[in-house]
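Summary of the model geometry
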Amino acid sequence: MDAFAKDMTSVLYGNPHSGSSPSQLSSSRIDQVRVRLLDFFKADPDQYDLVFVANATAGVKLVVEGMRSLPGGYVFAYHQACHTSVIGAREEAHQSVCLDNTGVRSLLDGEDPFKPTTSGTPARLFAYSAQSHMDGRRYPLSWAKELKKMEAQSSSRTLTLLDAASLSATSQLDLSDPQFAADFVVSSLYKIFGFPDLGVLIVRRSAEFVFDQRRYFGGGTVDVVLCGDEQWHAPKSYSLHERLEDGTLPFHNIIAADIAISIHQRLFGSMDQISAHTAYLSRELCRGLHSLRHANGIPVCHIYSETPDDAAPIETGPVVSFNIRDSRGLWIGLAEFEKLAILRKMHVRVGGVCSPAGLASALDLQPWEMKRNLSAGIRCGEDSGRFTNKPTGIIRASLGAMNTKSDVSRFLAFVQEFFVEEEVRALTQFSPTRAVDATTNIQVKTITVYPIKSCSGYTIPSGVRWEVRPEGLAWDREWCLVHRGSGQALSQKRYPRMALLQPLLLFGDNVLRVKYRGSTPKGQPTQVDIPLSSDPSHFDIDFRQTSSRVCGENISAQSYRSKDINDFFTNSLGVPCMLARFPAGGRGASSRQSKARIQKHQRTEKTHSGQPSPFPGVPSPPDSDSEQQSQPGKILLSNESPILMISTSSVEMLNQTIMETGESPVDESVFRANIVVEASPGQRSRPAYSEDMWRRISIGNYSFKLLGACQRCQMVCVDQTTGERRQEPFVTLAKTRRLNGKVYFGTHMQHEQLRQSEELDGLWPTIQVGDAVVVQEEEVEEEDGEKTPGAGSPDAIF
Ligand SMILES: *Cc1c(COP(=O)(O)O)cnc(C)c1O
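The name given to the chain in an unreviewed UniProt entry is Molybdenum cofactor sulfurase, and the organism recorded there is Hypocrea virens. Its UniProt record, at the heading Catalytic activity (unreviewed entry), says of the chain: "Mo-molybdopterin + L-cysteine + AH2 = thio-Mo-molybdopterin + L-alanine + A + H2O".

Okay, the sheet that holds strand β16 (residues 466-469) next. A sheet is described by the order of its strands in space; here three strands give the open sequence β17-β16-β33, paired in antiparallel fashion. Looking at the sheet topology across the chains shown, the edges are occupied by β17 (472-473) and β33 (766-767).

Moving on to the pairing of strand β28 (residues 675-679). Counting buried positions along β28 gives four out of five residues, so the element sits mostly inside the fold. The sheet contact formed by strand β14 (residues 442-449) and β28 spans five bridges and is antiparallel. The residue bridging I442 from the neighbouring strand is A679, located in β28.

Across the sheet, four strands lie side by side as β18-β24-β23-β22; this open sheet has antiparallel pairing. With one partner strand each, in any of the chains shown, β18 (479-483) and β22 (543-550) form the two edges of the open sheet. Geometrically, the sheet is characterised by an average inter-axis angle of 50° between neighbouring strands, direction not taken into account. Relative to strand β24 (residues 577-581), β18 runs antiparallel, the two sharing five bridges. Residue pairing in the sheet places L481 in a bridge with L579 of β24. Packing against the sheet, helix α16 (residues 563-573) makes contact with β18, β23 (553-560) and β24, and its axis sits at approximately 125° to β24.

Turning our attention to α16. Along α16, the residues classified as buried are I565, N566, F568, F569, T570, S572 and L573. Looking at the buried residues of α16, the elements they touch are β18, β19 (501-506), β20 (511-516), β21 (527-531), β23 and β24. Measuring from the backbone nitrogen of D564 back to the side-chain oxygen at the start of α16 gives 3.4 Å, which picks out S562 as the cap. In the segment just after α16, G574 is the residue with positive phi, at about 70°.

To continue, consider the site of the ligand. Around the ligand sit N55, A56, T57, H83, H133, D163, A165, S166, S188, Y190 and K191, and that is every residue in its neighbourhood. A56 places a main-chain nitrogen or oxygen 3.1 Å from an oxygen atom of the ligand. Here an oxygen atom of the ligand and a side-chain polar atom of T57 are 2.4 Å apart. When isolated, the ligand has an accessible area of 380 Å², and the protein chains bury 88% of it. Put simply, the parts of the chain that give the shell around the ligand at least two residues each are α3 (56-68) and α8 (189-193). Looking at the shell around the ligand, its residues break down into three nonpolar, six polar and two charged.

This brings us to the nonpolar core. In this structure, F41 and F52 are the most contacted members of the largest nonpolar core, which totals 54 residues. Considering each element in turn, this core owes the most residues, eight residues, to helix α10 (residues 251-268). Here this core spans two domains, and each of domain 1 (2-267) and domain 2 (271-419) adds at least three residues to it. By size, the runner-up hydrophobic cluster in this structure holds 50 residues, among which are V320, V348, Y689 and L733.

Now for the UniProt feature "active site" (unreviewed entry) in the chain. According to UniProt, the "active site" (unreviewed entry) feature falls on C354. You can see C354 is positioned in the loop between β12 (349-351) and α13 (356-363). Given the relative accessible area of 26%, C354 is considered partly exposed. The residues touching C354, leaving out its near neighbours within four places in the chain, are C82, H83, T84, H133 and R349.

On to the environment of A89, then. Mapped onto the secondary structure, A89 falls in the loop between α4 (84-87) and β3 (95-99). Taking the C-alpha atoms as reference points, A89 and V64, 25 residues apart in sequence, are found 6.1 Å from one another. If we skip the residues at most four places from it in the chain, A89 touches V60, V64, Y74 and F76.

Calculation criteria
Residues numbered from 1 in each chain as written. Predicted model: local features only at pLDDT ≥ 70, side-chain atom pairs only at ≥ 80, totals over all residues. Heavy atoms only, no water. UniProt positions renumbered as here; feature names shortened; annotations may be inferred. Pairing = 2+ DSSP bridges. Helix = DSSP H or I, 4+ residues; strand = E, 2+ residues; numbered from the N terminus. Buried < 20%, exposed > 50% of the residue type's maximum accessible area, 1.4 Å probe, protein only. Axes fitted to C-alpha atoms, helices over the stretch in contact; angles between N-to-C directions. Contact = heavy atoms within 4.5 Å. Polar contact = N/O pair within 3.5 Å; in protein donor to acceptor, adjacent residues only side chain to side chain. Near = heavy atom within 4 Å. Areas by Shrake-Rupley, 256 points an atom, 1.4 Å probe, with all protein chains shown as cover. Nonpolar A, V, L, I, M, F, W, Y, C, P; charged D, E, K, R; others polar. Core = buried A, V, L, I, M, F, W, Y, C linked by side-chain atoms within 4.5 Å. Domains from an automatic or database assignment.

Written as structure tokens, this is what we have:
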């Protein structure tokens, strides 16, 4: 990058299509880089031409453009390990087939995979990957040669497209090899050098005819264009790349590629050295993952890649793909793995990794299963094992030239830390320890509302009675900030600085005042006032109904048009956004419903005990007897439920565990609860996590129904005072409060109207700090209630 910056600041390069000297300089530099890159792949310029493209995908698309313009069109066969970008080429073909290794063998032996056609003779294209980007497996470069040999005796001619994007990243792609016979090769330079973002299409000169009838032409690719009565153009005739490189070349990028080749050579030596280094690393990684075992001896990782062999390291590239199981043999969800990997700064890819056919084969996924996963919102395999205990994607760790041995050991330590069960954990451990003093008196410690979703909270002063509405505490999550570009409601998860936006409810002035606690440039306002009244006619405030997305849900909110208000938030956060309001009482997309529910781990085994599921591994229908599911309450912009409660004893217990690891404790504000409960003065605390088992409580005179444990994400890692991210408490929560892939802390609840009179007097219930909290109904384990379901029981699956 330094060398590139130096070149850019000392030399003036112009658009290559003109005669000025900066332009000429670019042209000659491009010609030079083209030859240098051909040389990099050991391709003889007499035999091959190199076309600059945006990425490997754009190279494939150019080949498709050529093939489809041939008089009879084309038919297309592709190998199962192909990348999505290559498979897309089938949509322009008259016919296409996906071949596994046996299918390719038959093709090479002269078997025709295509149905006979009646109209014309289409050209044939066969595409495969030199190395699978899913599991690193390599496929013979000799396939194209074999195909040509076989076809020498017949009349048909198949062109071969080799996708070398994965292979060339860490190995020498050698086009001078006498076995090499592919007609088109695509690759991405950023996968080799890291920078620039550029791809190449290398075309064997004998296959150039494919582009002769390409229809589109762009600037730079033609000599003459007539636009009068006679519409005619003369394509540039000298070289193929001149005819295919439409418009201005990314000339600065191409110059950067020149520099990248030199620096790469200086840093890493030859591609063969990189290949040896990465093969060693991936062998270590594979062996390490293979050796991980749970306490009961069950392997932790199921590895799809083959371990590179000492004797023949060429068979597999440095790509290790796997899935993880727990000690009961159940698959760990990909989303769960990814959250923890992000937290520990491990850059891995999870999901379908753009390898649809390879994935389906590795995971034995049937088409109906993939469609079902899609309709359930699992795209590209982002979550796994929801329906059956079957993964929907993979975890892929790729190694490159810059990786070191310590990267591998750090990754192994990470898997060990979170996924290896050193003692087999029974589910009972998750429920609170039942103590005799379970009747300890408790009370409300603090009440907090968060008027603007994801911004700081407003703490209700003690002595003030606060209204409880059906949707939650009054003024809680009524506003949100919406990204101007994407329409998404902003969240602290991505924009931790939102914690520095401090709202104050000033009823005397009838405004919501928001102060920004971070630093602001001079002259920029540090606070803004927003009228509390939701009636726009009372104020000089203009609303516009806009659609937006909150937690993946489409909603319709009233966005503010005021420049002052929107500028304040935009400037404070450095994100183009606007304020929107979502008042209660809306319908359709202007309303939202609670999603909280009692989790399986919070229930004692009433429904399932004694009657094994008739379909092990298949979900049972939602409990129809659960009233809370038949009647979800309304909510405003909170994630899941009207009210979130936590207890100080659970926070203390968690902090004790965090401190045992040498980390500093977290403040209870990170959990962004509405209500915090604590032991009443002079009383001993309730056992930590006893709130998991509560079903109904009263606060003061009012009754509340508990709706289930709150699922947590990395957002609990944002320090609410500084807006900075830490690793705790999520790391410790993930180790101690993770069940079936979800991490839980705190509980959802809503006010429950028990007596008609509460409504009749027209007043909302109110609560205040110091109110007594009484647990009225609690899930109690039966005397013999052994809560240790074995593998395969429905409880273990979800
Ligand atoms: C990355 C990759 C691609 C796509 O490359 P782009 O440069 O993103 O278009 C295609 N095939 C394989 C094997 C890859 O690894």
